[in-house]
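An overview of the molecular structure
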Amino acid sequence: MDLSLLDREIAALKEKGRYRFLRRLSTPQDARIVIEGREVLNFSSNNYLGLANHPEVVEALARYAERYGVGSGASRLICGHMDVHAELEEAVARFKGTESCLTFSAGYMANLGILSTLGDSGATIFSDEWNHASIVDGCRLSRARVEVYRHADVTHLEDLLRASSARRKIVVTDSVFSMDGDVAPLPDLVEAKDRHGAILVVDDAHATGVLPPHGRGSADHFGLSGRVEILMGTFSKALGTYGAYLCSTRRMVDYFVNKCRPFIFNTGLPPAIAGATLASLGLLTREPGRLAALWENARLFRAEMEARGRSAGSDTAIVPIPVGGDGDTMAVSRALFDRGVFVHGIRPPTVPEGTGRLRLTLMATHTAGMVRTAAAGIDEALRERGIGADGAAAAKG
Ligand SMILES: *Cc1c(COP(=O)(O)O)cnc(C)c1O
C-alpha cells in the first residue's frame, strides 16, 4: 500500500479543519478536570449525575473484582454468565418496568446486535435521519432495506410505513438525540408504529438517568411503559459505568440470546463493571436529588444564555450552541479552553455541513457558579468571533 495516500487524506482533513486528535485527561470525569496539564471546567461529559467516580460505585467495583476477578473469561453462552450478570439484568428489567433484560458490552454493540438481528432480508428499518452512528452502522450490518425519515417527522415516517410492503417493519429512534439534545416525539411514534404493525426500537442512551421524573427513560417519561417493543440504553452515560442493555419481553430476549451475533460472539461485561452498575442503579433510584440538580443546572444555563440574547435550543441536559463553519467551531472551543472552560466542538460528518456547534452537557455536579462562568465565557468567545445567536452565517451575513 502507498502510505503517502494516508498522509494525503490526513492533510486534506487538516486543511478542512476536520482533523481529530486525542486529548489526555489526568483526573476522574468530574466537574473540574485536568486536560493536557491544564485545569478546566468540564462541560463535555456524559457523566450527568457524577456516578462515574462516586465512592459507592468505585467501592462496588473493587468488591465485585475481589469476588469474581476482572475478566468474565468467556462469552455469556459458554461460561461467562455469572450471578452478577443475572442480578444486573433482573435489576434493569425492574427499573425499566419490562419483563426481561439482556446486557451487552457496549451501546454500540447493542445497536449493531438489535438491528442486525431483527433486520433480516424481509425487513425494512425506518430510521430517523439524526440517529446515532451506532444505529446507522446497525442498519448497514443488517440485511434489511433501510428508509431514512426526516428528523422527528412522524408524518414522513407514516408515508414511508404506508408505502412499504415489508414483512417486518422496524422503526428506530434515539429518544434524546445525542447531538441536539431534543426529545423524539414518542407518543406519536408509538401511535404510528401501532397503526402499521411495526416494532419500535428506542435508544435511551441520553435519557436513562436523565429524563424526569425518575430517570427511567423515555417510555416512563411519556407514560408509555409497555408500549415500546425494545428499549435499549447504555450504562456508560448517566449511570457512569460501561456496557448496555436491551429491555423487552422474555420471548424477545430469548430470541436475542439465540440469534444476536454481537451478543453470542462477544465476551460478557466484566463482572466488576456489572456490580458497579448495580450500585449506580441503586444510587439513581435511592437518591433522586441528583436528577433534580441536573435539571436545575440545565434550567440555569438556559436562563443565563437567554439573558444574553442567545437561545439554548433544547430542553434536556445536552445543549447545542450553533457556531457554523468548522474553523469557527474549533476556534471558539479553543478560546473557551484558554478561558478554562472545556466545551467540545462538533463538526461534520458528525453533524450536517455548515452546522458546526459547541455541544455542551450539564452535570448534577456543576455548581451554579460554574454554570454561570460557562454561559458568560461562551457568550464572550462567540462575540469575539462575531457570531450571533444563530451561528456564524447570521452574524457575518
Ligand atoms: C453513546 C451512545 C451509544 C453508544 O454507547 P456506548 O456504550 O458508548 O458504545 C449509542 N447510542 C447513543 C444514542 C449514544 O449516545
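Residues numbered from 1 in each chain as written. Predicted model: local features only at pLDDT ≥ 70, side-chain atom pairs only at ≥ 80, totals over all residues. Heavy atoms only, no water.

1. Here's the deal with a nonpolar patch on the surface
What counts here: Distance thresholds for patches are 9 Å for like charges and 5 Å for nonpolar side chains (Val, Leu, Ile, Met, Phe, Trp, Tyr), applied to residues having over 30% relative accessible area and no salt bridge. Under the convention used here, a 1.4 Å probe and the Shrake-Rupley method define accessible areas, while residue burial counts only the protein chains that appear. Basic side-chain nitrogens of Lys or Arg form a salt bridge, by our definition, when they fall within 4 Å of a carboxyl oxygen of Asp or Glu. A helix here means a DSSP run of H or I that spans at least four residues, while a strand means a run of E at least two residues long, and both kinds are numbered starting from the N terminus. The rule is simple: take the accessible area with a 1.4 Å probe, protein chains only, and divide by the maximum for that residue type; under 20% is buried, over 50% is exposed, in between is partly exposed.
Taken together, Ile10, Leu13, Tyr19 and Phe21 make up a surface patch of nonpolar side chains, about 340 Å² in accessible area. Its location among the elements puts Ile10 in helix H1 (residues 4–15). Judged by relative accessible area, which is 35%, Ile10 ranks as partly exposed.

2. What to know about the state of the cysteines
Keep this limit in mind: By definition, disulfides here are pairs of cysteine sulfur atoms that lie within 2.5 Å.
The tally for this structure, following the rule as stated, stands at zero disulfides. Cysteine Cys139 is unpaired, with the sulfur of Cys260 as its nearest cysteine sulfur at 14 Å. Considering cysteine sulfurs only, Cys101 is the nearest to Cys247, which forms no disulfide, with 4.0 Å between them. For Cys247, a relative accessible area of 0% translates into the label buried.

3. Some thoughts on the environment of Ala274
To keep things clear, this is the line we draw: Only heavy atoms enter the contact rule, under which two residues are in contact if any of them lie within 4.5 Å.
Its location among the elements puts Ala274 in helix H12 (residues 271–286). Linking Ala274 and Met82, residues 192 residues apart in sequence, is a C-alpha distance of 9.8 Å. Excluding residues that lie within four positions of it along the chain, Ala274 makes contacts with Val84, His85 and Leu88.

4. Describing the environment of Gln29
Applied cut-off: Pairing of N or O atoms within 3.5 Å defines a polar contact, subject to two protein rules: one partner must be a possible hydrogen donor and the other a possible acceptor, and residues neighboring in sequence count only if both atoms are side-chain atoms.
If you trace the backbone, Gln29 turns up in the loop between H1 and strand E1 (32–35). In sequence terms Gln29 and Ser44 are 15 residues apart; their C-alpha atoms lie 9.8 Å from each other. If we ignore the near neighbours within four places in the chain, the residues touching Gln29 are Asn42, Ser45, Asn47 and Asn53. Of note is the side chain of Gln29, whose polar atom sits 2.9 Å from the side chain of Asn42.

5. Considering the pattern of salt bridges
Under the counting rule described, the total for this entry stands at 29 salt bridges. As a salt-bridge pair, Arg339 and Glu384 come within 2.5 Å of each other at their nearest N and O atoms. One end of the pair, Arg339, is in the loop between helix H14 (326–338) and strand E11 (341–342); the other, Glu384, is in helix H15 (residues 368–384), with 45 residues separating them in the sequence. Here the salt bridges share partners, and the residues they tie into one network are Lys193, Asp194, Arg227 and Glu229.

6. Regarding the sheet that holds strand E12 (residues 345–346)
In any sheet, the strands associate via hydrogen bonds between backbone groups, in a parallel or an antiparallel arrangement. Filter applied, for reference: Strands are labelled as partners when DSSP assigns at least two bridges between them. A fitted line through C-alpha atoms represents every axis, and for helices the fit uses only the stretch in contact; the resulting angles, taken between N-to-C directions, go from 0 to 180 degrees.
Sheet architecture is open: three strands sit in the order E10-E13-E12, paired in antiparallel fashion. In this open sheet, the two edge strands, each paired with only one partner strand, are strand E10 (318–324) and E12. As judged from the six bridges shared by E10 and strand E13 (residues 356–361), these two strands associate in the antiparallel manner. Each bridged residue has a counterpart across the sheet, and for Val319 the counterpart in E13 is Leu360. Contacts from H14 reach E10, E12 and E13 within the one sheet, and its direction differs from that of E13 by about 35°.

7. Section: the domain arrangement of the protein
Interfaces are frequently sized by the accessible area removed from exposure as the parts join. What counts, and what does not: What marks off one domain from the next here is an automatic or database domain assignment. The quantity reported as buried area is the accessible area (1.4 Å probe) lost by two parts once they are put together, taken as the sum for both.
Assigned domains of the protein: these are domain 1 (18–47 + 288–395) and domain 2 (55–286). Summarising the inter-unit geometry, the C-alpha centres of domain 1 and domain 2 are found 27 Å apart. Around 1400 Å² of area is buried between domain 1 and domain 2 when both sides are counted, 62% of it from carbon and sulfur atoms. When residues of domain 1 are sorted by the area they lose upon contact with domain 2, Asn46, Leu291 and Ile318 head the list and together hold 33% of the total. Counting across the interface, domain 1 meets domain 2 through one salt bridge. One salt bridge connects Arg357 with Asp180, and the closest N-O pair in it is separated by 2.7 Å. Summed over the shared surface of domain 1 and domain 2, the result is four residue pairs in polar contact (both at pLDDT 80 or more). Contributions of two or more residues to the side of domain 1 that touches domain 2 are made by helix H13 (289–307), E10 and E13. The element that contributes the greatest number of residues to the side of domain 1 that touches domain 2 is H13, accounting for four residues.

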